[in-house]
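The lines below spell out each chain.
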Amino acid sequence: MLEIRNVHKSFGKNEILKGVDLTIDKGDVVVIIGPSGSGKTTFLRCINFLEKADQGEASFGDIQVDLHSATKKQIHQIRQKVAFVFQNYNLFHNKTALENVTEGLIIGRKVSKTKAEDIGKKALNKVGLSEKYNSYPSELSGGQQQRVGIARAVALNPDIILFDEPTSALDPELVGEVLNVMKDIANEGTTMLVVTHEMSFAQNVANRVLFMDGGVVVEEGTPKDIFSKPKKERTKQFLKRILAEDYTYYI
């Protein structure tokens, strides 16, 4: 469904991505882990053209594009297939939860307001916010705001949802509610590409895990492969540091 090849991206003289490849099939939940600065978020943003790659190709179903020189029409076509959940929510503060969810449908997809509201309410119900349609972001917790962001993505009915560290801006006690919603969506068969530091989500929900470091994919495999028997020494070092004393349990 989605095939990405040889993605390169630099900011000035700082080379962030050094030839990243990725293939995702329909229904996959692929999680990218790795240290800060490894290029995970930049890679995600290049896929959705929030950053322009210096080099790379992508195939989205029957759409093939050059990630550096894609036309506005091609970018629009791809964004019709891809939804993005930001780590800092990116909600309109002067709009209600329902209005935040329907905005993309009405403006971007030209859906009627009545139909958009029906879709938006169903999406908010799905993430457990049926009583918050008319609440503004300032009236919601961080976890609730992120769930609005997820509902906004779900409402678009995309082929794939990209999640950029969706729990990193949350207080620790709010992380679980967002991860549970993501797990429910994954269990419904939604195709997902997730950048996260939440190792439990990677182990329990993903069907494939990629470990990135230094702008490349160091290792990839099933969660069992990566967490129980990593092949690369750099992967082992990262997991040992992240999982600390629990690491002996996974190996």
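Residues numbered from 1 in each chain as written. Predicted model: local features only at pLDDT ≥ 70, side-chain atom pairs only at ≥ 80, totals over all residues. Heavy atoms only, no water.

(A) How the structure looks around the overall build of the protein. When helices and strands are tallied, the protein shows 10 helices and 10 strands. For 251 residues, the compact-globule formula gives about 18 Å, and the C-alpha radius of gyration of the protein, at 18 Å, lands near that figure. In terms of principal-axis extent, the alpha carbons of the protein reach across some 55 × 45 × 35 Å. Here the protein holds 251 residues, and 51% of them are scored as buried. Counting only contacts in the protein whose residues sit at least 6 apart along the sequence, the fraction spanning at least 24 positions is 63%. Between the mean site of the 33 positive side-chain charges and the mean site of the 32 negative ones, the protein shows a separation of 3 Å. (Helix = DSSP H or I, 4+ residues; strand = E, 2+ residues; numbered from the N terminus. Rg over C-alpha atoms; globule rule 2.2 N^0.38 Å. Buried < 20%, exposed > 50% of the residue type's maximum accessible area, 1.4 Å probe, protein only. Contact = heavy atoms within 4.5 Å. Lys, Arg positive; Asp, Glu negative; His and termini not counted. Charge placed at Lys NZ, Arg CZ, Asp CG, Glu CD.)

(B) Just the sheet that holds strand S9 (residues 208-213), in detail. Strand order in the open sheet made by the 6 strands is S6-S7-S8-S3-S9-S10, with mixed pairing throughout. Every other strand in the sheet has two partners, leaving strand S6 (82-85) and strand S10 (216-221) as the edge strands with one partner each. Looking at each pair of strands side by side, their axes are set apart by 20 degrees on average, direction ignored. Where helix H6 (residues 172-187) meets the sheet, it contacts strand S3 (29-33), strand S7 (160-164) and strand S8 (192-195), and its direction lies at approximately 155 degrees from that of S8. (Pairing = 2+ DSSP bridges. Axes fitted to C-alpha atoms, helices over the stretch in contact; angles between N-to-C directions.)

(C) Structural detail: the packing of helix H3 (residues 97-108) against helix H4 (residues 113-126). Following both chains from N to C, one finds H3 and H4 inclined at 125 degrees, their axes separated by 9 Å at the closest point. If you check the angle between H3 and H4, you find them oblique. Taken as a pair, H3 and H4 cross one another with a handedness that is right-handed. Taken together, the residues of H4 that come into contact with H3 (itself represented by Ala97, Leu98, Val101, Thr102, Leu105 and Ile106) are Lys113, Ala116, Glu117, Ile119, Gly120, Lys121, Ala123 and Leu124. Classifying every residue of the contact of H3 with H4 by side-chain character gives 9 nonpolar, 2 polar and 3 charged. (Parallel < 35°, antiparallel > 145°, perpendicular 65-115°, else oblique. Left-handed = near helix turned anticlockwise from the far one by under 90°. Nonpolar A, V, L, I, M, F, W, Y, C, P; charged D, E, K, R; others polar.)

(D) Representation of the packing of H4 against helix H5 (residues 142-155). Following both chains from N to C, one finds H4 and H5 inclined at 130 degrees, their axes separated by 8 Å at the closest point. Compared by their axis directions, H4 and H5 come out oblique. Between H4 and H5 lies a crossing whose hand is right-handed. Across the interface between the two elements, Ile119, Ala123, Leu124 and Lys126 of H4 pack against Val148, Ala151, Val154 and Ala155 of H5. Residue composition of the contact of H4 with H5, by class: 7 nonpolar, no polar and 1 charged.

(E) Highlighting the sheet that holds strand S1 (residues 2-11). What the 4 strands build is an open sheet, ordered S2-S1-S4-S5; its pairing is antiparallel. Among the strands making up the open sheet, the edge pair consists of strand S2 (14-24) and strand S5 (63-66). The average angle at which neighbouring strand axes cross in this sheet is 15 degrees, direction not considered. For S1 and strand S4 (residues 55-60), the ladder comprises 5 bridges, and the chain directions are antiparallel. Across the sheet, residue Ile4 finds its bridge partner in S4, namely Ala58. With respect to the sheet, helix H1 (residues 40-47) is in contact with S1, S2 and S4, its orientation differing from that of S1 by roughly 120 degrees. Helix H2 (residues 72-79) contacts S4 and S5 of the sheet and is inclined by roughly 130 degrees relative to S5.

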